[in-house]
Amino acid sequence: MPKKKVKKVVNKENIRHDGRKLSELRPIKLEVGILGNADGSAYIEQGKNKILAGVYGPKEVHPKHLALPDRSRLRCRYHMAPFSVQERKSPAPSRRDIELSKVIREAFEPSVFTEYYPKTSIDIFIEVLQADGGTRCASITAASLALADAGIPLRDLVSACAAGKVDGRIVLDLNDKEDKEGEADLPLAYMSNLNAITLLQMDGMLTSEEFEQAINLALEGCNQIYQLQKEALKAKYVEVKETMNEGADEQ
Ligand code: UDP
């Protein structure tokens, strides 16, 4: 019997199965300040990922014994909605949710001036509404914007993006299919202005040259996302200014 031909995720012309070039990000949409009752919020669409981030705080810590005398306690909850993936996900926090909550918190923690708010907590809630690979990175990008929207002083915005290896090629911003069928995945979070990496993980195998290439590609992706984050923040304030001007005209 003839052997069945397996369709490659990246073709001979270096075009990926979703039409992207090797070093191309998925389309990204960012919105800031979309939840009326949170202190800060942001929404991200990155390819088919749809993620909401809401921030509460700085506020009094509950339970009180968790208060830190010299800084604010940052807490983060990453949660995937039951309908966010193809097979229904239990609404209860999974081991993966708990791990990602910690990893995401540690990625934006270096950017926050927590010492300005001793004995308080800053809580970040991340709801993944639809997942298609790279949700930890998209969550970090959205959480950082939500923190800025809450008016919390930051050393820099944190932008995150993965690079990896698929069908022998180093590619940027892997989607679910590429993540599952590829050889390696390297999520990275970065403060562009400070030139500091705040998260670096790796799943799979890469040679040292490929590793360096993947890091450089992920950094390039983060720089592009950083520009989009700044535009999204500015867009919110242009909107606020226009609303205020309209109010003044009516008086
Ligand atoms: N995923 C899934 N079911 C799960 C968890 C994850 O289908 O219970 C998918 C989802 O699309 C996710 C992808 O697998 O984005 C990769 O998950 P991973 O743990 O590598 O984290 P991520 O790449 O989302 O940061």
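Residues numbered from 1 in each chain as written. Predicted model: local features only at pLDDT ≥ 70, side-chain atom pairs only at ≥ 80, totals over all residues. Heavy atoms only, no water.

(A) Here's a closer look at empty space enclosed by the protein. One pass over the structure, following the stated rule, counts one cavity of 30 Å³ or more. By volume, the largest cavity is sized at about 40 Å³. Split into classes, the residues belonging to the lining of the largest cavity amount to four nonpolar, two polar and two charged. (1 Å grid on protein atoms, 1.4 Å probe; cavity = no way out; pocket = protein on both sides within 12 Å on 5 of 7 lines; lining within 4 Å. Points joined across faces, edges and corners; volume = space filled by probe spheres on them. Nonpolar A, V, L, I, M, F, W, Y, C, P; charged D, E, K, R; others polar.)

(B) Layout of the site of the ligand. Surrounding the ligand, one finds 13 residues, the nearest of these being Arg96, Gly133, Gly134, Thr135 and Arg136. Contact distances for the ligand include 2.7 Å between an oxygen atom and a backbone N or O atom of Gly133. The fraction of the free accessible surface of the ligand (510 Å²) that becomes covered by protein chains is 77%. Going through the elements one at a time, helix 2 (135-149) and helix 3 (176-181) are the ones with two or more residues in the shell around the ligand. Counting residues per element, the shell around the ligand draws most heavily on helix 3, which supplies three residues. Tallied by class, residues from the shell around the ligand come to three nonpolar, three polar and seven charged. (Near = heavy atom within 4 Å. Polar contact = N/O pair within 3.5 Å; in protein donor to acceptor, adjacent residues only side chain to side chain. Areas by Shrake-Rupley, 256 points an atom, 1.4 Å probe, with all protein chains shown as cover. Helix = DSSP H or I, 4+ residues; strand = E, 2+ residues; numbered from the N terminus.)

(C) Here's a closer look at the layout of surface pockets. Estimated volume of the largest pocket: approximately 680 Å³. Looking at the largest pocket, it is lined by 25 residues, and the ones nearest its centre are Asp132, Gly133, Asp176, Asp179 and Lys180. The set of elements that each furnish at least two residues to the lining of the largest pocket consists of helix 2, helix 3 and strand 8 (184-191). Among the elements that take part in the lining of the largest pocket, helix 3 stands out by supplying three residues, more than any other. Along the lines of polarity and charge, the residues of the lining of the largest pocket split into seven nonpolar, seven polar and 11 charged.

(D) Quick peek at the sheet that holds strand 1 (residues 28-32). The strand order across the open sheet formed by five strands is 1-2-3-5-4, and the pairing between neighbours is mixed. Strands at the two margins of the open sheet, each flanked by one partner only, are strand 1 and strand 4 (73-80). On average, each strand axis in the sheet is tilted by 15° relative to the strand beside it, whichever way the strands run. Note: strand 2 (residues 40-46) against strand 3 (residues 49-60), seven bridges, orientation antiparallel. Considered in strand 3, the bridge of Gly40 is made with Val55. With respect to the sheet, helix 2 is in contact with strand 1, strand 2, strand 3, strand 4 and strand 5 (120-130), its orientation differing from that of strand 2 by roughly 150°. (Pairing = 2+ DSSP bridges. Axes fitted to C-alpha atoms, helices over the stretch in contact; angles between N-to-C directions. Contact = heavy atoms within 4.5 Å.)

(E) Molecular detail of the nonpolar core. One finds Phe108, Ile124, Ile126 and Leu147 to be the most contacted residues of the largest nonpolar core, which totals 62 residues. If one sorts the elements of this core by residue count, helix 4 (residues 208-250) sits on top with 10 residues. Discounting residues that sit within four places of it in the chain, Ile126 has contacts with Ile51, Leu52, Ala53, Cys76, Arg77, Tyr78, His79, Ile104, Ser139 and Ala143. By size, the runner-up hydrophobic cluster in this structure holds six residues, among which are Val9, Val10, Leu22 and Val171. (Core = buried A, V, L, I, M, F, W, Y, C linked by side-chain atoms within 4.5 Å. Buried < 20%, exposed > 50% of the residue type's maximum accessible area, 1.4 Å probe, protein only.)

(F) Representation of unusual backbone geometry in the model. The peptide bond linking Gly57 to Pro58 adopts the cis configuration, its omega dihedral lying at 0°. Here the amide bond leading from His62 into Pro63 is cis, since omega sits at -5°, within 30 degrees of zero. Backbone geometry at Asp167 places phi at a positive 50°, although glycine is not the residue there. Backbone geometry at Asp173 places phi at a positive 55°, although glycine is not the residue there.

(G) Examining a negative patch on the surface more closely. A cluster of acidic side chains, namely Glu239, Glu242, Glu246, Asp249 and Glu250, defines a negative patch on the protein surface. On the secondary structure map, Glu242 appears in helix 4. Residue Glu242 is classed as partly exposed on the basis of its relative accessible area of 45%. (Patch = residues over 30% accessible without salt bridge, like charges linked within 9 Å, V, L, I, M, F, W, Y side chains within 5 Å. Salt bridge = Lys/Arg side-chain N within 4 Å of Asp/Glu carboxyl O. Lys, Arg positive; Asp, Glu negative; His and termini not counted. Charge placed at Lys NZ, Arg CZ, Asp CG, Glu CD.)

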